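What the coordinates show
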Amino acid sequence: MLLPGLLSHGIPVLFTGSGLRIAAVFCIAIYFVFISAPGNEEKKIVCFGDSLTSCGGKNGRYSDMLQKSLPSYIFINSGKGGDTIGGGLARLETAVLKHRAGYLIIGLEANDYWQQKRSLYELKQDYDTILARCHAAGMKIVIISCLGNEKLPPDVMLKQHR
């Protein structure tokens, strides 16, 4: 929905369904270990999202799976059941920025998709603000999206944050 083109802007986006979540976890692990190649900075990762982040699925929370796969990293689960992109923006400071992490995994939008209460333009504005603030805090970002790679007009594409 909101995410086409982010790969070309340096933000990895993984489109997942419930059956692909474990594969996404290992893709994230590969990204953090091999692509981002952290140096001496603290290896702290915030997992930020809705109930798919806070509760997980039948195999547990993806943050717990990642913690087992990457024991040298510190994973902080900042998921909140029922959260939306707007709700994520409202709690960004306390759920994400206060941790001063180097990395962020965003798993929001599922509830926005189901509720369909806000326009794509409103969702894009909130997402752009989240990405800009986290980028300004020096975070490397991966987005896990359940919305798919739909073709949208350029004005609803997320802004480039490098």
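Right above here is the structure, for reference.
The following refers to the structure shown. Every chain is numbered on its own, with residues counted from 1 as its sequence reads. Predicted model: local features are reported for residues with pLDDT of at least 70 only, side-chain atom pairs are reported and counted for 80 or more only, and whole-chain, interface and lining totals are derived from all residues. For side-chain calculations, the full set of non-hydrogen atoms in the structure is used, while hydrogens and water are omitted.

1. Notes on the overall build of the protein chain
Within the protein chain, the regular secondary structure consists of 7 helices and 5 strands. Segments assigned H or I by DSSP are reported as helices when at least four residues long, segments assigned E as strands when at least two residues long, and all are numbered from the N terminus. In the protein chain, the succession of helices and strands from N to C terminus is β-α-β-α-α-β-α-α-β-α-α-β. Throughout, a residue-residue contact means that at least one pair of heavy atoms, one from each residue, lies within 4.5 Å. Counting contacts in the protein chain only where the partners sit at least 6 residues apart, residues at least 24 apart contribute 82% of the total. Methods summary: accessible areas were calculated by the Shrake-Rupley approach with a probe of 1.4 Å, and residue burial reflects only the protein chains presented. Here the protein chain displays about 8,000 Å² of accessible surface, and carbon together with sulfur accounts for 55% of that area.

2. Overview of the packing of aromatic side chains
Here a Phe, Tyr or Trp ring, Trp counted by its six-membered ring, pairs with any other such ring whose centre lies within 6.5 Å, and the pair is stacked when the planes are under 30 degrees apart, edge-to-face when over 60, and tilted otherwise. In the structure shown here, the tally under the stated rule is 3 aromatic pairs. Look at Tyr73 and Phe75: their rings are 6.3 Å apart centre to centre, the planes differ by 40 degrees, and that puts the pair in the tilted class. Residues Tyr73 and Phe75 agree in their burial class; the two are buried. A centroid spacing of 5.2 Å and a plane angle of 80 degrees characterise the contact between Tyr113 and Trp114, whose relative ring orientation is edge-to-face. Categorising residues by exposure relies on relative accessible area from a 1.4 Å probe, with only protein chains included: less than 20% of the type maximum marks a residue as buried, more than 50% marks it as exposed, and the intermediate range marks it as partly exposed.

3. Remarks on the pairing of strand E5 (residues 140-145)
Across the 6 residues that make up E5, a large majority, 5, are buried. When DSSP locates at least two bridges between a pair of strands, those strands are taken to pair. Of the pairings in the sheet, the one linking strand E4 (residues 103-107) to E5 comprises 4 bridges and is parallel in character. If you follow Leu104 over to E5, its bridge partner there is Ile141.

4. Concerning the nonpolar core
Buried together is how nonpolar side chains tend to be arranged in soluble globular proteins. The definition of a nonpolar core used throughout is a set of buried Ala, Val, Leu, Ile, Met, Phe, Trp, Tyr and Cys residues joined through side-chain atoms within 4.5 Å. Counting 20 residues, the largest nonpolar core has Phe48, Val96, Leu104, Ile106 and Cys134 as the members making the most contacts within it. When residues of this core are traced back to their parent elements, those giving at least two are strand E2 (44-49), helix H5 (92-95), E4, helix H7 (120-136) and E5. For this core, the element with the most residues is H7, which contributes 5 residues. Filtering out sequence-adjacent residues up to four positions away, Val96 remains in contact with Val46, Phe48, Arg91, Leu104, Cys134 and Met139. Cys47, Leu70, Phe75 and Tyr103 belong to the second largest nonpolar core, which has 10 residues in total.

5. Some details on the pattern of salt bridges
One speaks of a salt bridge when a side-chain nitrogen belonging to Lys or Arg is within 4 Å of a carboxyl oxygen belonging to Asp or Glu. This model, assessed by the stated rule, comprises 5 salt bridges. One salt bridge connects Arg118 with Asp126, and the closest N-O pair in it is separated by 2.8 Å. On the accessibility criterion, Arg118 (31% relative accessible area) is partly exposed. The salt bridge partner of Asp128 is Lys124, with a shortest N-O separation of 2.5 Å.

6. Regarding the side chain of Ser78
Structurally, Ser78 can be placed in strand E3 (residues 74-79). Assessed through its relative accessible area of 8%, Ser78 is described here as buried. What Ser78 contacts, discounting residues up to four positions off in sequence, is Val46, Cys47, Phe48, Gly49, Arg91, Ala95 and His99.

7. Description of the pairing of E4
Within E4, 5 of the 5 residues are buried, leaving the element largely enclosed by the surrounding structure. Residues Tyr103, Ile105 and Gly107 line one face of E4 and the alternating positions Leu104 and Ile106 line the opposite face, and both faces are buried. By the bridge criterion, 5 bridges tie E2 to E4 in an arrangement that is parallel. What sits directly across from Phe48, in E4, is Ile106.

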